[in-house]
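One-letter residues, chain by chain:
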There are 2 protein chains.
Amino acid sequence: MSKSGREEDVGSSSSQSMVEKTLEVAKASVFGERKEKEMKKETRLGISAKKDEDFPSWYSQVCRFGELITLSDTKGLYILEPSATKIWNTLRSYMDAELEKLGGVEEKKFPMLIKRDSLEKEKDHIEGFKPEVAWVTRAGEHDLPTPYALRPTSETIIYPYFKNRIRTHRDLPMKVNQWVNVVRWEVSDPIPLIRGREFDWQEGHSAFATKEEADEEVLEVLNIYSRVYEDLLAVPVIKGRKSDKEKFAGADYTTSAEAFIPTTGRGVQAATSHCLGQNFAKMFEIAFEDKEVKRDKKGKIIKPLVWQNSWGVSTRSIGVMAMTHGDDKGLVLPPKVARYQVVVVPVPFKGADTKRISQECQAVKTTLQGAGVRAIVDERDNYACGWKYADWEMKGVPLRIELGPRDLEKNQVRVVRRDTRVKMDVLRVDLVEKVKDLLEVIQRDLYDDAKRKLEESIQKVETWDEFKEALRQKKLVLAPWCDEVEVENDVKENSKGENEAGAKTLCTPFEQPELREDTLCFASGKPAKKWTYWGRSY
Amino acid sequence: MSKSGREEDVGSSSSQSMVEKTLEVAKASVFGERKEKEMKKETRLGISAKKDEDFPSWYSQVCRFGELITLSDTKGLYILEPSATKIWNTLRSYMDAELEKLGGVEEKKFPMLIKRDSLEKEKDHIEGFKPEVAWVTRAGEHDLPTPYALRPTSETIIYPYFKNRIRTHRDLPMKVNQWVNVVRWEVSDPIPLIRGREFDWQEGHSAFATKEEADEEVLEVLNIYSRVYEDLLAVPVIKGRKSDKEKFAGADYTTSAEAFIPTTGRGVQAATSHCLGQNFAKMFEIAFEDKEVKRDKKGKIIKPLVWQNSWGVSTRSIGVMAMTHGDDKGLVLPPKVARYQVVVVPVPFKGADTKRISQECQAVKTTLQGAGVRAIVDERDNYACGWKYADWEMKGVPLRIELGPRDLEKNQVRVVRRDTRVKMDVLRVDLVEKVKDLLEVIQRDLYDDAKRKLEESIQKVETWDEFKEALRQKKLVLAPWCDEVEVENDVKENSKGENEAGAKTLCTPFEQPELREDTLCFASGKPAKKWTYWGRSY
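Residues numbered from 1 in each chain as written. Chains lettered and ligands numbered in written order. Predicted model: local features only at pLDDT ≥ 70, side-chain atom pairs only at ≥ 80, totals over all residues. Heavy atoms only, no water.

Concerning the overall build of chain A
Next, step 1: Scanning chain A from terminus to terminus reveals 16 helices and 23 strands.
Next, step 2: For a compact globule of 538 residues, the expected C-alpha radius of gyration is about 24 Å, and chain A comes in at 26 Å, within 12% of that figure.
Next, step 3: Principal-axis analysis of the C-alpha atoms gives chain A an extent of 100 × 55 × 50 Å.
Next, step 4: Here chain A, with 538 residues, has 58% of them falling under the buried criterion.
Next, step 5: For chain A, the exposed area adds up to about 22700 Å²; of that, 47% sits on carbon and sulfur atoms. (Helix = DSSP H or I, 4+ residues; strand = E, 2+ residues; numbered from the N terminus. Rg over C-alpha atoms; globule rule 2.2 N^0.38 Å. Buried < 20%, exposed > 50% of the residue type's maximum accessible area, 1.4 Å probe, protein only. Areas by Shrake-Rupley, 256 points an atom, 1.4 Å probe, with all protein chains shown as cover.)

A word on a positive patch on the surface
All names here are of chain A.
Next, step 1: A contiguous patch of positive charge on the surface is contributed by Arg167, Lys298, Lys300 and Lys303.
Next, step 2: Note that Arg167 resides in the loop between helix H7 (155-165) and strand S7 (174-183).
Next, step 3: Residue class for Arg167 comes out partly exposed when judged on its relative accessible area of 30%. (Patch = residues over 30% accessible without salt bridge, like charges linked within 9 Å, V, L, I, M, F, W, Y side chains within 5 Å. Salt bridge = Lys/Arg side-chain N within 4 Å of Asp/Glu carboxyl O. Lys, Arg positive; Asp, Glu negative; His and termini not counted. Charge placed at Lys NZ, Arg CZ, Asp CG, Glu CD.)

Here we look at empty space enclosed by the protein
Next, step 1: Throughout the structure, instances matching the rule amount to eight cavities of 30 Å³ or more.
Next, step 2: Looking at the largest cavity, its volume works out to about 370 Å³.
Next, step 3: As for the largest cavity, its lining consists of 24 residues, and the residues nearest its centre are Arg92(A), Trp179(A), Arg92(B), Lys109(B) and Trp179(B).
Next, step 4: Put simply, the parts of the chain that give the lining of the largest cavity at least two residues each are helix H4 (82-102) and S7 of chain A together with helix H5 (82-102), strand S7 (174-183) and strand S8 (198-208) of chain B.
Next, step 5: Residues belonging to the lining of the largest cavity are distributed by class as follows: nine nonpolar, six polar and nine charged.
Next, step 6: Estimates place the volume of the second largest cavity at around 180 Å³.
Next, step 7: What lines the second largest cavity is a set of 14 residues, and nearest its centre among them are Tyr78(B), Leu80(B), Glu198(B), Phe199(B) and Asp200(B). (1 Å grid on protein atoms, 1.4 Å probe; cavity = no way out; pocket = protein on both sides within 12 Å on 5 of 7 lines; lining within 4 Å. Points joined across faces, edges and corners; volume = space filled by probe spheres on them. Nonpolar A, V, L, I, M, F, W, Y, C, P; charged D, E, K, R; others polar.)

Digging into the domain arrangement of chain A
Reports often express the size of an interface as the amount of accessible area lost when the parts come together.
Residue and element names in this part refer to chain A.
Next, step 1: Assigned domains of chain A: these are domain 1 (21-79), domain 2 (82-323), domain 3 (342-454) and domain 4 (461-537).
Next, step 2: A C-alpha centroid distance of 42 Å is found between domain 2 and domain 3.
Next, step 3: Each side of the interface is counted separately: domain 2 has 10 residues, and domain 3 has eight residues.
Next, step 4: Interface area for domain 2 against domain 3, summed over the two sides, is near 740 Å², with a carbon-plus-sulfur share of 67%.
Next, step 5: The largest share of the area that domain 2 buries against domain 3 comes from Lys86, Ala234 and Pro236, three residues that together contribute 53% of it.
Next, step 6: Connecting domain 2 to domain 3 are zero salt bridges.
Next, step 7: At the boundary of domain 2 with domain 3, the tally comes to three residue pairs in polar contact (both at pLDDT 80 or more).
Next, step 8: Take the side of domain 2 that touches domain 3: its biggest share by element is three residues, from helix H8 (residues 211-232).
Next, step 9: Across the side of domain 2 that touches domain 3, the residue classes break down as seven nonpolar, no polar and three charged. (Domains from an automatic or database assignment. Contact = heavy atoms within 4.5 Å. Buried area = accessible area lost by both parts, 1.4 Å probe. Polar contact = N/O pair within 3.5 Å; in protein donor to acceptor, adjacent residues only side chain to side chain.)

What about the interface of chain A and chain B?
Next, step 1: Listed per partner, the contact involves 57 residues of chain A and 57 residues of chain B.
Next, step 2: Between chain A and chain B, a total of about 5400 Å² is buried, with carbon and sulfur atoms accounting for 53% of that surface.
Next, step 3: Linking chain A with chain B are 10 salt bridges, by the criterion used here.
Next, step 4: Of the charged contacts, one joins Glu106(A) and Arg339(B) as a salt bridge, the two residues approaching to 3.0 Å between their closest N and O atoms.
Next, step 5: Along the contact surface separating chain A from chain B lie 34 residue pairs in polar contact (both at pLDDT 80 or more).
Next, step 6: The greatest single-element share of the side of chain A that touches chain B, amounting to six residues, is contributed by strand S5 (residues 134-139) of chain A.

Points about the relation of the copies chain A and chain B
Next, step 1: For the pair chain A and chain B, the relating rotation is 180 degrees, the translation along its axis is 0.0 Å, and the fit reaches an RMSD of 0.0 Å. Interpreted geometrically, this transformation is the action of a two-fold axis. Among all residues of chain A, the minimum C-alpha distance to the rotation axis is found for Val136(A), at 2.1 Å.
Next, step 2: Take the interface residues of chain A: 100% of them recur as interface residues in chain B, which is what a same-surface contact looks like. (Least-squares fit on C-alpha atoms with pLDDT ≥ 70 in both.)

Focus: the pattern of salt bridges
Next, step 1: Per the counting criterion, the structure on display carries 77 salt bridges over all chains.
Next, step 2: The closest approach of N and O atoms between Glu246(A) and Lys504(A), which form a salt bridge, is 3.7 Å. With Glu246(A) in the loop between strand S9 (238-241) and strand S10 (253-261) and Lys504(A) in strand S22 (residues 504-509), this pair connects stretches of sequence that are 258 residues apart.
Next, step 3: We classify Glu246(A) as buried; its relative accessible area is 18%.
Next, step 4: For Glu98(B), the salt bridge identified is with Lys101(B), shortest N-O distance 3.0 Å. Here Lys101(B) and Glu98(B) lie together in helix H5, a separation of three residues that amounts to about one turn.
Next, step 5: Glu98(B) sits in the buried class, given a relative accessible area of 8%.
Next, step 6: Residue Lys101(B) is classed as exposed on the basis of its relative accessible area, which comes to 64%.
Next, step 7: Among the ionic contacts, a cluster of salt bridges with common partners joins Glu67(A), Asp378(A), Arg380(A), Lys388(A), Asp391(A) and Lys395(A).

Structural notes on the environment of Ala375(B)
All names here are of chain B.
Next, step 1: Along the chain, the position of Ala375 falls in strand S14 (residues 375-377).
Next, step 2: When the C-alpha atoms of Ala375 and Leu91 are compared, they prove to be 20 Å apart, with 284 residues separating the residues in sequence.
Next, step 3: Once you skip the residues sitting within four places of it in the chain, Ala375 turns out to touch Val342, Lys365, Leu368 and Gln369.

Concerning the sheet that holds strand S15 (residues 342-346) of chain A
Residues and elements named next belong to chain A.
Next, step 1: Within the open sheet, the five strands sit side by side as S16-S15-S17-S18-S19. Their pairing is mixed. Strands with a single pairing partner mark the edges of an open sheet, and in this sheet they are strand S16 (375-377) and strand S19 (423-427). Across this sheet, the average inter-strand angle for adjacent strands is 25 degrees, counted without regard to direction.
Next, step 2: With five bridges connecting them, strand S18 (residues 412-417) and S19 associate as antiparallel partners. Each bridged residue has a counterpart across the sheet, and for Val416 the counterpart in S19 is Lys423.
Next, step 3: Helix H12 (residues 385-395) rests against S15, S16 and strand S17 (399-403) of the sheet, and its axis sits at about 170 degrees to S15. (Pairing = 2+ DSSP bridges. Axes fitted to C-alpha atoms, helices over the stretch in contact; angles between N-to-C directions.)

Describing the packing of H4(A) against H8(A)
All names here are of chain A.
Next, step 1: Where H4 meets H8, the closest approach of the two axes is 11 Å, and the angle between their N-to-C directions is 145 degrees. Note that H4 runs across H8; the crossing there is right-handed. Between H4, through Thr90, Leu91, Tyr94, Met95, Glu98, Leu99 and Leu102, and H8, the contact on the second element is made entirely by Glu217, Glu220, Val221, Ile224, Tyr225, Arg227, Val228, Asp231 and Leu232.
Next, step 2: Its residues assigned to classes, the contact of H4 with H8 comprises 10 nonpolar, one polar and five charged. (Left-handed = near helix turned anticlockwise from the far one by under 90°.)

Remarks on the pairing of strand S6 (residues 142-150) of chain A
The side chains of a regular strand alternate, first on one face of the sheet and then on the other.
All names here are of chain A.
Next, step 1: Pairing geometry for strand S4 (residues 113-115) and S6, over three bridges, is antiparallel. Bridging from a neighbouring strand, Lys115 pairs with Tyr148 of S6.
Next, step 2: One ladder, built from four bridges, connects S5 with S6; its direction is antiparallel. From the neighbouring strand, Arg138 faces S6, where its bridge partner is Asp143.
Next, step 3: The loop that links S5 with its antiparallel partner S6 comprises two residues; one of these, Gly140, has a positive phi angle of about 60 degrees.

Describing helix H8 (residues 155-165) of chain B
Note that an α-helix has 3.6 residues per turn; residues three or four places apart therefore point the same way.
Next, step 1: Summarising burial for H8(B): 10 of the 11 residues are buried, a large majority.
Next, step 2: When H8(B) is considered as a whole, its buried residues turn out to be Glu155(B), Thr156(B), Ile157(B), Ile158(B), Tyr159(B), Pro160(B), Tyr161(B), Phe162(B), Asn164(B) and Arg165(B).

Some points on unusual backbone geometry
Residues and elements named next belong to chain A.
Next, step 1: Across the junction of Leu172 and Pro173, the peptide omega takes the value -10 degrees, indicating a cis bond.
Next, step 2: Along the chain, Pro173 turns up in the loop between H7 and S7.
Next, step 3: If you check the backbone angles, Glu285 has positive phi at about 55 degrees while not being a glycine.
Next, step 4: Mapped onto the secondary structure, Glu285 falls in the loop between helix H9 (279-284) and strand S12 (294-295).
Next, step 5: One non-glycine residue with positive phi stands out, namely Asn411, at about 55 degrees.
Next, step 6: Summarising the element assignment, Asn411 is placed in the loop between helix H13 (405-409) and S18.

Structure follows, in structure tokens:
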């Protein structure tokens, strides 16, 4: 089968596909936040924006035309499509197995409505969340006696439960996890999957007798998150600790896995694992009778407060994955999380035995499914195959198999990788082995490629000028810092660009380069205490 | 090992267990809706209420002490415990596989917030739900320009999406399913799992080109629900059609699976599958271009409206299961959905080799787990085994294995069924086979027993006097009916008891007894059109 034959094929379908695609696009953008603008701009074949030129439009198109999400009638509220629910369900199974290994984590489910008094109990916590809390104030025709918050996170509804359940050291550690939706009525511009007003996440909450156990779990969970990103989503992350300014509202300290988008030069907080210390324990009175009972002067048992953690990862992970791997053709899905790993497209040339080709496509699918590969056949008879190729590329399916009369003759199929678009002929007898092999290779290549780009993005700087220049070049900046919040505030203010927020600390990586004794803070000139990642962020 | 030995064992632990259980109970009821009353009443060993004597208290205790749920600080909002999330996850996997077989159902996820205008579009629908809708009116410090409803069900947020996605016959059928939480701010008395203000469910929504396809799917889905109840939860159900008075707000007709609780003589709607006809299609303008295009006089394409269904099953199923199988000792879990199917309890007699017994218990657990049985060992050293027996009975674990020194000698274990409390000695070599066999037998026996009780409860009547007497005897009443809503209203009014709601139609079963031509309605004396189940209900 000649290359030109295939290209002709694409050509012959282009007038039809233009019309169809126009319809598709019109359809997809009816619920548009930027309706008119997009209706005009996007009546073209597939993704019109370029990743390098107009990242925000590109990303929005990839999410929508790649069928991860659909916009709803309200800004910041998104509909998850089957490709996204598949990723989320895969991530959930993986996490559940990892938490099982961690030991003692029980899956529970708490109400999503939090009484105002509870929410406001921990002062730093409510200060952090107040601006984005949605309030239920009425039911039916009546005002409620007390308003309820829709959980922005569940510390304040889970910890009264902890207070009641934890009596003695035997009840510790207590670890619960729930898979739920949360609401944060963000005022700033929402971004599909990355920053929405409602999103799904997993949130874990634990209580320990000692600080050491809590500290240890914080890192164990962060490692699980890191594996979720790296092993499943093929997205490399940097593990580290947030600054006091950037930590979770109410936490002693926050650790995070940070991803980085080289195209925009922006960091993105991928998952967080917080040590809450005894802050919530104090406010919610979560204390326990220790193994060796101690008493005060009056003989009353002294009950120590528990040490607590909370940790979460959300559907934002899907957005980070799309930003990382997507290209100008659309979404690129890592095989491990792809709803369909292989799409089989019949290529019926003029005069060919269409029925037999269709049968063979089904046979290929069945063989692959039998080997545990998620495969489908695209049997739509109202689209030419060129249109179908573009459609499945947009949706990010890792492998495409083309099967036409000449493939039949030679007992082979044409296999095309989504990531590299490399084509190869594979004998039918080798198909299962080759496909399974390729899926593994793609998974690894996606990670390696992203990892290489991440590493190339990292720029070590020691002065303010170097810092500014690195930021301008969209680098992930690693700089020596004096660890003072005033400096963070100054840097943010002084690095603001036109329409661009200033840079902030992303994390202080656990893997620290050597810090010479006389190293000065890049921004304040005071003695530096650590190397910290800085950048604009999502 | 003598019977008395084991009983002595129970006896020896009773003083400790009394104290401990008092603590447990106090703990469990701190969040009490009926706090004081229960605190006083329940400071006894385990479940104090009798199923036959005080069903509401019994059920509440079974749910809480059996660790399905914990009460929250708000009436009608419950915390699901791991036993309940396990059942729900099992049901979800089962349903997902069944929907996969049904074909074409895609898992999506829609926002939980519905704009007021959308919710109010279908008039019957909003009339039905208005009294129980919770409204979000504020975010942060600001009033929202338009209030949002927390979804009581998602027709009105999914159908605008259908309108945009459905263009031609090629887009049909469209079937989506989502696993989400919903809120119905019930004013009447909440009952754990059965009637709460927030609950989890699965809701499916589909659109078809023809009424016939919609009608067919309604029943296919109802059959899946019936299997969920009968095969997983071991709860027999009756399939039938709801009366117009009792159908879903906005539906053409509703089919349901109905369960029955013989102890209280009350029916409970277990799952529903609705044909919405074209009611929502009309209001949301969901129309499509048909295969054979028809045009009106002006040449404009006539687009037919789609036919729609919606269907759902909720965590209420867990409550129905608990009501059906539970006894005065507590919860009884069907093996297929039990978080733990087997609990192994070491029985360390005085002077016994405690360490070896513990090792053997672990070995038994490992063997069972290797065979795919969900087993644990209760190694708690602060409870005597009698206390443990009662504790696991309360939690409903299907099989208990006791292992003491004499069992070790004889290379056997003592196996005790939760449902019948029958005890047997099983040789270690036969253990896996016997346990797997017993789990199957228990699953079947639970169903058979419930089925027998259901059948014994059914009472056919033909007159008002017979009807009243059957109701008094807590029967599930099957009566010939003229199918008039006025009669339903009259029956409800005239069958009210002291503190008891009147009887209503539960469903008209698909399996109809023969209706003699001259049969009259039991209530109106008019010619009867069908046999219908009547009863008080949850």
